[in-house]
Amino acid sequence: MGLADGNSCKAEEFVARVEEEFGESVEKIEKLGEGKVIVYVSRESLPKVVSYVFWELGGRLATVVGSDERRLHSHFVVYYPLAMDFIDDGYSGKCWIIVASVIPGDDPRFPSVTKDIPAANWAEREIRDLLGLEPVGHPDPRRLVLPDDWPDGVYPLREEMDYTYSPPSKERPYTFQPSERIVKGTEVIELPIGPIHPASDEPGQFRVYVDGEEVVDFDYRLFHIHRGIEKLGVSRMTYNQVPFLAERICGICGYSHSCCYCQAVEEAFKVDVPERAEYIRSVMLEIERVHSHMLIVGLGLHLAAFDWGFMQLFKARERIMDLAEILTGNRKTYGMNVVGGVRRDFIKDRIGKAMDIVRDVRKRYREIVDIILSNRSVINRFSSIGILESNVARSLGVLGPTARASGLRIDVRKDHPYAAYRNLPLEVKVRDEGDVLSRHLVRLEEVFNSLDMIEHALDRLPGGPILAEKVEPIPHVRSFSSIEAPRGENFHFIVTGMHSMLIRWKVRAPTYNNWSAMPHMCRGYTLADIPLILTSIDPCYSCTERVMVVNVKKRTRRMMRWDELIHKSRKLPIRGCRS
Amino acid sequence: MSLKLIVKSLKWKRVTRKYPFEQHPVPEDFRGRVEFLEELCMGCGACANVCPPNAIQVIEEKGTRIIKLFIGRCIFCGRCEENCPMMAVKQTDDFELSSIRREDLEVVLRHGLPRDEKGHFLEYTEREIVEAEEVLRSERPRELVEKLIESSRKCRSCRIREGIGSIAKALRPGGERNE
């Protein structure tokens, strides 16, 4: 992975600026790999340093990682990984600065940065839930990840908790909080959606606050199916078994999770991945992107009552699933990645078949897209709803097509190239409108580019082995990797341990960051727009949904089934409520 | 617009298959149900060592080693096939696995353990020892090899008493945790 030296130089330049600004607070500097530096600062100066890197140096906060490293040095550590994506000098020298702080085990508190950087909101609450580290000054005291009946003082990700332990439940209520935008005394109706949510891949509960048809606020309670995958991965599995668990994090973009995990471990163990394996990974990642984008645009069209487009896109998508099946032996869980490379080679006649399918799909897809885009009812329905301004997107750390549709030029494939993307004809599609239409258009365009890249990579597949000869585990190394999954950046952080096991494995999927933009996207539009806006950030979908309308003042309730709401979304193209 | 749409719809044929009344073809090297070839298996447990969901388990009973696969837990990754030193695991094309009985999803292989001359059970199967001997024969120095092969026919407590550590265990493939 011959990264240009420019990256680490740039990282050093940023570190020098941090040191210049906060000289006394910087405790230690640790280099991870090319263009990745951890800067340890004192606990008190954490918010200052993180906001300096975020706002002044142009960082993008990927997530916040809390880690119980008491086994190594009897301390907890919080990491704030910032990708330096918003610097102006083109694509050279985009690096990672990780601001970290060591937290003593007997005083588990750290100052919150959420007030300065909204992007840290969820991640800091997650650390409080799972590790029991208190983000002092965090504006939201509610639980995020743990179930409401989970007893206090039991922290699943701490080392002392066994992964099979299931504590007795303790009842406690959860309150939905509208922001202070709601003026008291107005006729605002609270509308619960859930607990099985239509448009997310996990059940979630929502409160939509409506004034007539207009949405005034939006609040959510997610993580009903938090499965404890991180804990399972570090408790029971060896590093080479985890890719198969990582692949099952998501039903759509599983391959990018396993790929991201493998890259992180490969970097920790200093494994050289063969070039052919990198090409194969890129091909599979793009296949995944194509089928994911076709699925979500299809669903968007379905909600806008254009079922022809939905059916045709799914038909084209099925060919892509066949393609994956031919190349990997399975439609969805490809099972290709292990640490050090891939397990199954692309043999020659399968490459031929794959090329035929890609050409065929591209031709068919172009015809479908032409018809979709010439359909004015769809375009009108999608345009100028759910607008996400680019400055809001930046402060919330929004990722993937959702960010690119709001004018943020971020794409991990281009900014921090991995696998074979340096050698592929990648184009970053950016639009400025920030509405539902532009999010779908970015996806539609990306599919063409992905098909081109698949064809290009299959055509120029280099020879050689597909698996690194030797993988030598190195204990107690920190490492992380990020990948552009269909919905945005996947982020995996690991700390390796003894006996081929891991101490910490942190996973952050892109929808995690994109959800936080939902309130901003929904405010000011109508109830009928909500399904379309939800779908446009590409969460998954389940159909067993109902909606209940509650009038708080009159204490009346009306059940509204999900299909009723969809029916409304198809019937009512009212717009312009946002003044 | 709509005319174009209708023309396309008429031109593009229906693709739905009449499954299950019509067979669903699977591609070559499809990763389906896992099958053990009993006549090849030596009972080393390499498959259980690498299995990510612990679908394959090794159960030690007195005088028997049981290799048990529960397909209900299997994720069809094929790591067992890849790591089996005897090529005794095969993935088939079969994907129609639903059943109302749990036993239909269980595959059980039993390996009787041999006894040493004093009548104690060895902790390796007959085939494991034969395999280990074969590997060892090509090794040098000869006296050490002969000594190891001789000791492989004694049970663990006898061997420890004689002060010779385990040999077959070191040769057992696929065990990441044993490294």
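Source: prediction; values computed, not measured.

### A word on the overall build of chain B
Right, so step 1: A count of helices and strands for chain B gives seven helices and five strands.
Right, so step 2: For chain B, the share of sequence-separated contacts (at least 6 apart) that also reach a separation of at least 24 residues comes to 67%.

### Remarks on the sheet that holds strand E5 (residues 106-112) of chain B
Residue and element names in this part refer to chain B.
Right, so step 1: Taken in spatial order, the three strands of this open sheet run E2-E3-E5, and their pairing is antiparallel. The open sheet has two free edges, formed respectively by strand E2 (56-61) and E5, since each of these has just one partner strand. The sheet shows a mean angle of 20° between the axes of neighbouring strands, direction not considered.
Right, so step 2: In this sheet, E5 lies alongside strand E3 (residues 64-70) in antiparallel orientation, the contact comprising seven bridges. Considered in E5, the bridge of Arg65 is made with His111.

### A look at the interface of chain B and chain A
Right, so step 1: At the interface, 18 residues of chain B touch 21 residues of chain A.
Right, so step 2: Among the elements that make up the side of chain B that touches chain A, the one with the highest residue count is helix H1 (residues 2-11) of chain B (four residues).

### Some thoughts on the pairing of E2(B)
Residue and element names in this part refer to chain B.
Right, so step 1: Bridge count between E2 and E3: six bridges; the pairing is antiparallel. Its bridge partner lying in E3, Val58 is registered against Ile67.
Right, so step 2: Count of turn residues in the E2/E3 antiparallel hairpin: two residues, of which Gly63 carries a positive phi of about 85°.

### A few points about the domain arrangement of chain B
Residue and element names in this part refer to chain B.
Right, so step 1: The domains assigned to chain B are domain 1 (26-112) and domain 2 (114-174).
Right, so step 2: Using only C-alpha atoms to locate each centre, domain 1 and domain 2 end up separated by 26 Å.
Right, so step 3: Listed per partner, the contact involves twelve residues of domain 1 and eight residues of domain 2.
Right, so step 4: Sorting elements by how many residues they give to the side of domain 1 that touches domain 2 places helix H2 (residues 46-50) first, with three residues.

Scoring rules and cut-offs
Residues numbered from 1 in each chain as written. Chains lettered and ligands numbered in written order. Predicted model: local features only at pLDDT ≥ 70, side-chain atom pairs only at ≥ 80, totals over all residues. Helix = DSSP H or I, 4+ residues; strand = E, 2+ residues; numbered from the N terminus. Contact = placed C-beta atoms within 7 Å. Pairing = 2+ DSSP bridges. Axes fitted to C-alpha atoms, helices over the stretch in contact; angles between N-to-C directions. Domains from an automatic or database assignment.

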